[in-house]
Structures are given as C-alpha cells and as structure tokens.
Amino acid sequence: MKLQYSVLPLLFLGAVSCDKAKEIVRQAEMTVKSEIAKNTAPVKDETIANPELQSQVDQDADGAIFRKDLPFPRYLKVNVTRVHEVVTRTVGRSEIELEKKTVRGTETLITQFERKADQVSYTRSLHQFQEPIPPNTDPTKAPPVKVLAPPAAPCLFVKSGSKWKHAGNDFRSASLAQTISPHFDQLLIENCLSPRELWLGKQRFKVGDQLPVSGNFLPMIVAGSAKGKLLLTLEAFEAVNGHPCGVFAISGDYNRSKAPDFEGKLTDEEVTISSGKIWLSLLYPVILKEELETIQSYKSGGQGGLVNQGQGSVKVSVTRDWVPVAP
C-alpha cells in the first residue's frame, strides 16, 4: 500500500511552540512506522509447526504417536531437493571405454512431483555438479558448475489397472516405462507420494527412546527390498516446512538392489550411516527430511547406457516439501 503524507503539518510547525512541533513530528513518525509494520510480512520459521497441523498431533505427557490412521491424500505436490557432497573413487564402463577417476564435489538435484489420484507427473528443474572451490581462489578461475542434465518438461505416468505406465509414446518413453514400471511403487514411497506400509505402530515415543529397525521392518525407513540394521533415537520434535515431525538420530548399515530413480537408472548399493538425522511425520507415514553422513559402495546403470560403480564418502541432504492440494 502506498503511504500518503500531508504537507499541512510542515506548514503548521511555524505557528506552534517547539514542544508542540516535536509532538506532531513524533506522531507522524509513529504513523509511518505503523503503516510500514502493517505492510511488512513476518519471516516464517518453518521449523515451527503449522497450528492447524499441530492440532492433529496425538501427543501427551507420555509421548507422541506417529499416526497412520489419517486418510492419505491422493492429491499432492512434493518438491524434493537432494544434495550429495561426495568424495568417491569411480569406474565408468561402456562398450568402448573404461574410465577410472576420483570425484569430489557437490551434486544437486531439484525435482517437482504432482500426484492427482492415478496420475503422477515428474519434473526436473535442476541437476548440476560443483567441484570444490579452493580457498582464496580467484572467482574467475573457480571450477565451472557442470550441468548433469538440463531442466525437463513434466513427465507423466498414469495407472492402468495395477501397473503404472509412461504417458509418452516415443521410443525413450517406452524404454523408461519398461525399466521403472516394476519399481514404480517404490519411487512413490521414496518421494512421499504414497504412504509407507510399515510405520511405528501405536507406541508413544518420548525424547530419548530408541528403536532398532531390521529384517522385515527395514522398509519403514529404506524403501524397497533392503537388508541390514538401523538404530533410531528420538531427539526432538520439530517441523519441516511447518509439518510436525519427530527427529531421530540414525546409524547403522543396509544394502539393497535395483534402487530406481525417475531417470531410469537402477542402483545396487551398500550403505553405512555413521551418523545422521531423519524427520518422520507425526501425521502420516512419510519421511520429510534426511541429513546423513555415509560411506557407500554402488553400481548403477540403466537403459543400455554407461554403467558406473564407485565407493567413498557421501554426505546426504534430502528435503521434501510435502503439500496436500484440493482435487
């Protein structure tokens, strides 16, 4: 809103006493400050829960229940930001060459998902890699940011019977659908577009409580067919983008085969989590944030392309901005 100022008080100052003039100026300043305050939006602290969502949390003096009873939304928008800080030794193999190298830097992938019942769209807005910038480096000589994949238009998948199919009809679409369709439900869970079948039950959790996770319960934390053992310790209650969560410290190790992504790549991996935190929703069986220090061994490929394998340290950061929307 544009503020309107009157020149009359300025003209009037000459005809009144000094004290009166100061009082008029003071009142004018207060008016201006009041108007500015009205038109300045406060900065939100997204680690504080939205009051409407917090009112649905089942928590009392004995602890909180991680709910699974609420109907899971079928219309969702999820923005996912993945950042991997890596120091790995890699081997890339194709039909014509074998390349070995050490990779250091930060990979960033930002994607958007939208689910409308039996339709899911996937959009890649950023996928880049930044090598480390040495201290005191001339900015003009800093390593350039490498674009690993350009932004892409939405890629649409539709459910036909019990299977998900790519909506495109070109060769690449058909190849992509053939690769990831058997794993599509896992992709939905990983990106909070479907609920995790296993969750924390009806036990109330307080800060300090521990939960070993292994065997048939591992998919509660690691989507897909995984083996291993993890230890969770509840450290705090905190929100992710306003959504109330329980924050668990996590450590342990697991392995899984053919972990998919929406680009058609399948990865076999062995992961040791030396330390980290995960944010589990208090309202729905979804994981909204991860901050992990890991050692990983992996082998990945897909759609007849380059096969990569490597081993090293990976600092993982994943944030999922999860928003139910009206149908």
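Conventions used here
Residues numbered from 1 in each chain as written. Predicted model: local features only at pLDDT ≥ 70, side-chain atom pairs only at ≥ 80, totals over all residues. Heavy atoms only, no water. Helix = DSSP H or I, 4+ residues; strand = E, 2+ residues; numbered from the N terminus. Buried < 20%, exposed > 50% of the residue type's maximum accessible area, 1.4 Å probe, protein only. Contact = heavy atoms within 4.5 Å. Areas by Shrake-Rupley, 256 points an atom, 1.4 Å probe, with all protein chains shown as cover. Polar contact = N/O pair within 3.5 Å; in protein donor to acceptor, adjacent residues only side chain to side chain. Pairing = 2+ DSSP bridges. pLDDT = per-residue confidence, 0-100. Salt bridge = Lys/Arg side-chain N within 4 Å of Asp/Glu carboxyl O.

The next point concerns the overall build of the chain. For the chain, the helix and strand inventory stands at five helices and 15 strands. When each of the 327 residues of the chain is scored for burial, the buried share is 37%. Of all intrachain contacts in the chain linking residues separated by at least 6 positions in sequence, the fraction that spans at least 24 positions is 61%. Summing over all exposed atoms, the chain offers an accessible surface of approximately 19,200 Å²; the carbon and sulfur share of this is 54%.

This part is about the side chain of Arg-256. Along the chain, the position of Arg-256 falls in strand S12 (residues 243-260). Judged by its relative accessible area of 13%, Arg-256 is buried. In this structure the side chain of Arg-256 is engaged in a polar contact, spanning 2.6 Å, whose partner is the backbone oxygen of Ala-223. Within polar-contact distance, the side chain of Arg-256 engages the side chain of Glu-269 at 2.5 Å. Ignoring any residue separated from it by four or fewer positions in sequence, one finds Arg-256 in contact with Gln-186, Glu-190, Val-222, Ala-223, Ser-225, Ala-226, Thr-267, Asp-268 and Glu-269.

Turning our attention to the side chain of Glu-290. You can see Glu-290 is positioned in strand S14 (residues 287-301). Exposure remark for Glu-290: the relative accessible area of 13% places this residue in the buried category. Within polar-contact distance, the side chain of Glu-290 engages the side chain of Arg-320 at 2.8 Å. Discounting residues that sit within four places of it in the chain, Glu-290 has contacts with Lys-277, Ile-278, Trp-279, Val-316, Ser-317, Val-318 and Arg-320.

Turning to the sheet that holds strand S2 (residues 63-65), a few remarks are in order. Taken together, the three strands give an open sheet; going across it, the order is S1-S2-S9, and neighbouring strands pair in antiparallel fashion. Edge positions in the open sheet fall to strand S1 (58-60) and strand S9 (204-205), since each of these has one partner strand only.

Time to look at the confidence of the model for the chain. Taken as a whole, the chain shows an average pLDDT of 84; of its residues, 83% reach a score of 70 or greater. Across residues 1-43, confidence stays below pLDDT 50; counting only partners more than four residues off in sequence or on other chains, it has ten contacts.

The next subject is the pattern of salt bridges. Should their charged atoms come close, side chains of opposite charge can pair. Enumeration according to the criterion identifies twelve salt bridges in this entry. One salt bridge connects Lys-116 with Glu-114, and the closest N-O pair in it is separated by 3.9 Å. Relative accessible area serves as the criterion here: at 26%, Glu-114 is assigned to the partly exposed category. With a closest N to O distance of 3.1 Å, Glu-131 and Lys-146 form a salt bridge. Of this pair, Glu-131 sits in the loop between strand S5 (119-130) and strand S6 (146-147) while Lys-146 is found in strand S6, placing the two residues 15 residues apart along the sequence. For Glu-131, a relative accessible area of 31% puts it in the partly exposed group.

Below, the discussion takes up the pairing of strand S13 (residues 266-281). Judged from the twelve bridges that link them, S12 and S13 form a sheet pairing that is antiparallel. Bridge pairing in S13 places Ala-249 opposite Lys-277. The loop that links S12 with its antiparallel partner S13 comprises five residues; one of these, Gly-264, has a positive phi angle of about 95°. Bridge analysis of S13 against S14 gives 14 bridges, and the strand direction is antiparallel. Counted as the bridge partner of Glu-269 is Tyr-298 from S14. The hairpin formed by S13 and S14 contains five residues between the paired strands.

On to the environment of Leu-234. If you trace the backbone, Leu-234 turns up in strand S11 (residues 226-240). On a C-alpha basis, the gap between Leu-234 and Gly-246 in space is 6.9 Å, while along the polypeptide they are twelve residues apart. Residues contacting Leu-234, with those up to four places away along its chain left out, are Phe-66, Phe-205, Lys-206, Val-207, Gly-208, Asp-209, Gly-246, Val-247 and Phe-248.

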